[in-house]
Amino acid sequence: MTSAAPYASTSLADLLPALRYADPHLLAARLEDVRLPLGWWHATPLMEVEHVIGAEALSHQVAQALRSLWPHAELGDVIPVLRLLGTPGVEPGRTVAQVAREAGPGVVDGDRALASAFGSILDRLHQRGVPREESEEARVRDAVSVIARWLPADAPAEVCAALAVLQGLEEEPEDGLTPVAVSVPEPVEEQTAKDQVPAVELPAPRAAVDGDDPAEDAEEPQLGDDASPAPAPALMAEPLAAFTRLVAGWDERALVIAGQRMFTDEPAKLQDLGERFSVSRERVRQLERAVADSLTQWMVADEDGRAFAGHLAAVAERLGTVGQVAEVHALHPDHARTVEAMGVPLGDVVARLLPGGTLVGTWIVQGDAAALRAVMQEDLLAACGDTPLAWDDAVALGLRYGVRGEVLADWAADLGRFQVRDGRLLYWGRSLNDRAAAVLALHGTPMSMEDIHEQLADGTAINSMRNQIWTDERFIRLDRNLYGLRAWGGEEYLGIREMIAREITNAGGEAEVNAIAEAISSRFDVSAASVRTNLGGPGFARTRRGWVRVAGEAGEQDAPYVPRNDVAGTRRCFVGADGRWWYRMEVTGDHLRGSGFPVPAGWAAHIGGAPHREPVPLGHEAGETSLTWRAQPTFGSVKPLLEHVGATVGDQVFLNVTDGHLNALRLPAPADGLSPETGAARLTGWTAAVTPAEAVEVIARRIGMEPGQDGAALLERLAERGDKDIAELLERALSGAVPAF
């Protein structure tokens, strides 16, 4: 797509293409400026950059980048436009380092030479002090032949537009138009009478070569440099009638190729069309290029065609940098109507012929779509990654890149993970935690877990969300069921027992029961009765009437925490032959995504954890993690360890901690047809087949019971521990083992 003044939108990357492929960190170190947008070299017009920092500063920044990043490349290869201008120093074989070195012994002199070379481009683009001597005009008259040697077929529209302006330096033609002309060789294949180019009543089209792009060939002719800026183009009154008159002269093959390959979302295969027309695939390709050439020539040489080209320019002007195909269909009544001879809506034809436009899915993007997406994604993330962005500010950011407010919300969503909610743009991150943080940031005040879950509305189980929020340092629990962002500050709620311990510590190690109950119940959604109940449990000791301290303090700070149930009475905990206790976990998708997960207090205490104490660091074969005990004991991510042992969803993995080292053993999901007694024993880590009687013996030993237990006693103990899955299987095995009399 082009504007009335195409050179006004030329960016540095259009003149220095290597910027698109260089390391962004290296570029930032040499080109970043606090006065300019991030990544300005990709899309910010040079005219705007000059206005902010000045042409001299811009030229010197470019010179420093050239000398440090591409010293051994030919200057004319790095900045191809210099060859068109005939700038000294761009002769074949002369590298950036040579040009800089020949300017003088110092770095400053070298930079000055390179800056002068780049400054000459800026002067030409903006017609500053351009001499009109005969020698200069002679060089410009040779420009077309130079362009033919180096301009690639997929050159950005801004480069073509800038060259059109430079061409305007020669004497203006009678019609005031200076289209960019690129000579292309004729096809080698000889045509038969049967395979002639579709008969179209137009001047003979040039032959095309493989790789031509019809949208680029349809580039709108530009005004010469002496012409005043043209007004915004207007839409054509009857574009369908004009286009219908054109295709009326095409033969069947041209119409089929245009309708089924060039102007459709699902183009027919060359092979299928070749079989239909009894020609080769390559011949179909040639016919397709010939149709594209005919369209290009029509829009240059025919009155209807020139009007249609103006119509395309008007559509492009209305769309701006990005637009949607649906918008094109709605811009003009004719766009929704079908070109009968081709069987496609005129809007689909217009969308694919817009000058400088690239069709990406349902979007029409001006220039380099990938670069625009990358730089806008980066800027949007920087603007609203932590705090939602007011919509007016988001629109202003979009307009810097020519993206209209009407399409910004859809474009941002298409860029990935951005949403508009309550009049603000926010980053809807990849993980559940990112999205929960976005909900809180948008709300601006603490929320309950249920309210956060309702706002997410993505089908995630609330328990899974709760576990992930509890293990993410970005969040802070402010009450029993109230959560906010840690960046907001506030007193963290750690659970009743932990809050009691903190009150006692703040009071100097001993506090009055009534004072503790009143202090906690006044700040949090906790009753004074609940506080007193917890004060009577393990972890707290009476010092005198009505006063308490934390058990294990008063010189015993390192005493181990004593849970209500020890490891032998804790579900999913089993002792091995070597006396070490293992905890069984069933692997889920959340574990493999890196989420933390809660573990029973009995096992957590067994491996050294305790409430309101420092996290327990745990190393393992694939890295490290930790056990943190706030509201409940919680393991950090063990994803690397699970991947190391080859665990998949549904596997049982047994975890053990020995001397601060976390060990893992994987037990794959069992095959179908496993007997109940073998299945029950397997859940304790025993993999061999067993009889019901053997299962009782194995399971009893695995949970720390004395030998010689009967089935009933074992089932009772399993129920006390909470091992319902093992108990159900064992009960089935024992009931089936009793003979029927």
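Residues numbered from 1 in each chain as written. Predicted model: local features only at pLDDT ≥ 70, side-chain atom pairs only at ≥ 80, totals over all residues. Heavy atoms only, no water.

Visitor: Looking at this structure, how should I read the overall build of the protein chain?
Guide: Across its full length, the protein chain carries 36 helices and 21 strands. Here the protein chain holds 741 residues, and 47% of them are scored as buried. Once local pairs closer than 6 in sequence are excluded, the contacts in the protein chain between residues at least 24 apart make up 60%. Carbon and sulfur atoms make up 51% of the accessible area of the protein chain, which amounts to about 35200 Å² in all. (Helix = DSSP H or I, 4+ residues; strand = E, 2+ residues; numbered from the N terminus. Buried < 20%, exposed > 50% of the residue type's maximum accessible area, 1.4 Å probe, protein only. Contact = heavy atoms within 4.5 Å. Areas by Shrake-Rupley, 256 points an atom, 1.4 Å probe, with all protein chains shown as cover.)

Visitor: How do you make sense of the packing of aromatic side chains when you look at a structure like this?
Guide: For any two aromatic rings, the description comes down to two numbers: the centre-to-centre distance and the angle of the planes. Inspection of every chain in the model, using the stated rule, returns 10 aromatic pairs. Geometry around W411 places R373 over its ring, the cationic atom sitting 5.6 Å from the centre. (Phe/Tyr/Trp six-rings, centres within 6.5 Å; stacked < 30°, edge-to-face > 60°. Lys NZ or Arg CZ within 6 Å of the ring centre and 35° of its normal.)

Visitor: Sorry if this is basic, but what is going on with the side chain of E677 here?
Guide: Here E677 shows up in helix α33 (residues 676-682). Buried charge without a salt bridge: E677, with R732 as the nearest opposite-charge side chain at an N-O distance of 8.0 Å. Filtering out sequence-adjacent residues up to four positions away, E677 remains in contact with V690, T691, P692, A695 and A733. (Lys, Arg positive; Asp, Glu negative; His and termini not counted. Salt bridge = Lys/Arg side-chain N within 4 Å of Asp/Glu carboxyl O.)

Visitor: What's the story with the sheet that holds strand β4 (residues 357-360) in this structure? I'm lost.
Guide: Adjacent strands of a sheet pair through backbone hydrogen bonds, lying either parallel or antiparallel. Taken together, 3 strands build an open sheet; the order of strands is β1-β5-β4 and the sheet is antiparallel. Taken across any chain shown, the strands that pair with only one partner, and hence form the sheet edges, are β1 (322-324) and β4. Ignoring which end each strand starts from, the neighbouring axes of this sheet average 25 degrees apart. Where β4 lies against strand β5 (residues 363-366), 4 bridges are found, and the strand directions are antiparallel. Residue L359 lies in a different strand from β5, and its bridge partner there is I364. (Pairing = 2+ DSSP bridges. Axes fitted to C-alpha atoms, helices over the stretch in contact; angles between N-to-C directions.)

Visitor: Sorry if this is basic, but what is going on with the side chain of E503 here?
Guide: With respect to the helices, strands and loops of the structure, E503 is situated in helix α27 (residues 496-506). Setting aside anything within four residues of it in sequence, one finds E503 in contact with I516, A519, I520 and R523.

Visitor: Sorry, what's going on with the sheet that holds strand β7 (residues 418-421) here?
Guide: Taking strand neighbours across the sheet as the criterion, the 3 strands line up as β6-β8-β7 in an open arrangement whose pairing is antiparallel. Across the chains shown, the open sheet's two edge strands, defined by having one partner strand only, are β6 (389-390) and β7. Sheet topology places β6 next to strand β8 (residues 424-427); 2 bridges connect them, and they run antiparallel. Following the sheet pairing, L389 is matched in β8 by L425.

Visitor: For this particular structure, what's the right way to read the nonpolar core?
Guide: One finds F243, W250, F263, L295, F308 and M342 to be the most contacted residues of the largest nonpolar core, which totals 43 residues. At the level of elements, α14 (239-247), α15 (252-262), α16 (270-277), α17 (281-301), α18 (303-319), α19 (325-331) and α20 (346-353) are the ones that each hand at least two residues to this core. Sorting elements by how many residues they give to this core places α17 first, with 7 residues. Discounting chain neighbours no more than four positions away, the residues touching F243 are L295, W298, F308, V339, M342, L346 and V349. Counting residues in hydrophobic clusters, the runner-up holds 36 residues, among them L19, I53, L66 and V96. (Core = buried A, V, L, I, M, F, W, Y, C linked by side-chain atoms within 4.5 Å.)

Visitor: So what exactly am I meant to see when it comes to the pairing of strand β15 (residues 581-586) here?
Guide: Along a regular strand, successive side chains alternate from one face of the sheet to the other. Within β15, 5 of the 6 residues are buried, leaving the element largely enclosed by the surrounding structure. One ladder, built from 3 bridges, connects strand β14 (residues 573-575) with β15; its direction is antiparallel. Looking across to β15, one finds that C573 is bridged to Y583. Counting the residues that bridge the hairpin from β14 to β15 gives 5 residues, and of these G579 lies at a positive phi of roughly 90 degrees. Here β15 runs beside strand β20 (residues 652-658); their pairing, made up of 4 bridges, is antiparallel. Bridging from a neighbouring strand, E586 pairs with Q652 of β20.

Visitor: Would you explain the pairing of strand β18 (residues 623-629) in this entry?
Guide: The pairing of strand β17 (residues 616-620) with β18 spans 5 bridges and is classified as antiparallel. When the sheet's bridge partners are listed, V616 is paired in β18 with L627. With antiparallel pairing between neighbouring strands as the criterion, β17 and β18 make up a hairpin whose turn holds 2 residues. Sheet topology places β18 next to strand β19 (residues 633-635); 3 bridges connect them, and they run antiparallel. Paired with L627 across the bridge in β19 is F635.

Visitor: Explain the environment of W603 here, please?
Guide: Secondary-structure assignment places W603 in helix α31 (residues 601-606). The class for W603 is buried, based on a relative accessible area of 0%. Along the chain, W603 and V567 lie 36 residues apart, while their C-alpha atoms are 5.1 Å from each other.

Visitor: How should the confidence of the model for the protein chain be read in this particular structure?
Guide: Predicted coordinates in areas of low pLDDT are best not read in detail. Confidence in the prediction of the protein chain, expressed as mean pLDDT, is 78, and 80% of residues score 70 or more. Here helix α13 (residues 214-217) is the element of the protein chain with the lowest mean pLDDT, 37, and β15 is the one with the highest, 94. (pLDDT = per-residue confidence, 0-100.)

Visitor: Help me understand the packing of α16 against α17 in this model?
Guide: Helix-helix packing is characterised by the crossing angle of the two axes and by the distance between the axes. With their axes 8 Å apart at the nearest point, α16 and α17 run at an angle of 95 degrees to one another. Classed by the angle they form, the pair α16 and α17 counts as roughly perpendicular. Residue-level contacts link L270, Q271, L273 and G274 of α16 to R281, V284, R285 and E288 of α17. Here the residues of the contact of α16 with α17 are counted per class, giving 3 nonpolar, 2 polar and 3 charged. (Parallel < 35°, antiparallel > 145°, perpendicular 65-115°, else oblique. Nonpolar A, V, L, I, M, F, W, Y, C, P; charged D, E, K, R; others polar.)

Visitor: What's the story with unusual backbone geometry in this structure? I'm lost.
Guide: Glycine aside, residues mostly have negative phi, and peptide bonds are mostly found in the trans state. The phi dihedral of S278 is positive, around 60 degrees, even though this residue is not glycine. Its place among the elements puts S278 in the loop between α16 and α17. Positive phi values are uncommon outside glycine, yet R572 reaches one of about 65 degrees. Mapping R572 onto the fold places it in the loop between β13 (547-550) and β14.

Visitor: Can you help me understand the pattern of salt bridges in this one?
Guide: Two side chains with opposite charge may pair up if their charged atoms get near one another. Tallied over the entire structure, the rule returns 23 salt bridges. The residue R20 makes a salt bridge to D14 at a minimum N-O spacing of 2.7 Å. Looking at D14, the relative accessible area reads 5%, which means it is buried. Three or more residues are tied together by salt bridges with common partners; here these are E491, R502, E503 and R523.

Visitor: Explain helix α35 (residues 711-721) to me, please; I cannot follow it from the model alone.
Guide: Helical geometry: 3.6 residues make up each α-helical turn, so side chains three or four residues apart lie on a common side. Along α35, the residues that are buried comprise G711, L714, L715, L718 and R721. Taken down its axis, α35 places every buried residue within 125 degrees of arc, on the same side. When the buried face of α35 is taken as reference, the exposed residues oriented beyond 90 degrees from it are A712, E716, A719 and E720. (Arc of directions from axis to C-beta.)

Visitor: Please clarify how helix α24 (residues 432-443) should be interpreted in this entry.
Guide: For α24, spanning 12 residues, the distance from its first C-alpha to its last is 17 Å, which sits close to the expected 16 Å at 1.5 Å a residue. With 10 of 12 residues buried, α24 is to be regarded as a mostly interior element. Along α24, the positions that sit buried rather than exposed are L432, N433, R435, A436, A437, A438, V439, L440, A441 and L442. Of the surrounding secondary structure, the elements contacted by the buried residues of α24 are β7, β8, α25 (449-456), α26 (462-470), β9 (475-479) and β10 (482-485). Two residues or fewer past α24, G444 is found with a positive phi of approximately 85 degrees. (Expected span 1.5 Å × (residues − 1).)

Visitor: Looking at this model, I keep getting lost on the environment of F654. Mind explaining?
Guide: Tracing the sequence through the fold places F654 in strand β20. Overall, F654 belongs to the buried group, its relative accessible area being 6%. When near neighbours in sequence (up to four residues on either side) are disregarded, F654 contacts F574, W582, Y583, R584, N663, A664, L665, L667, R682, L683, T684 and G685.

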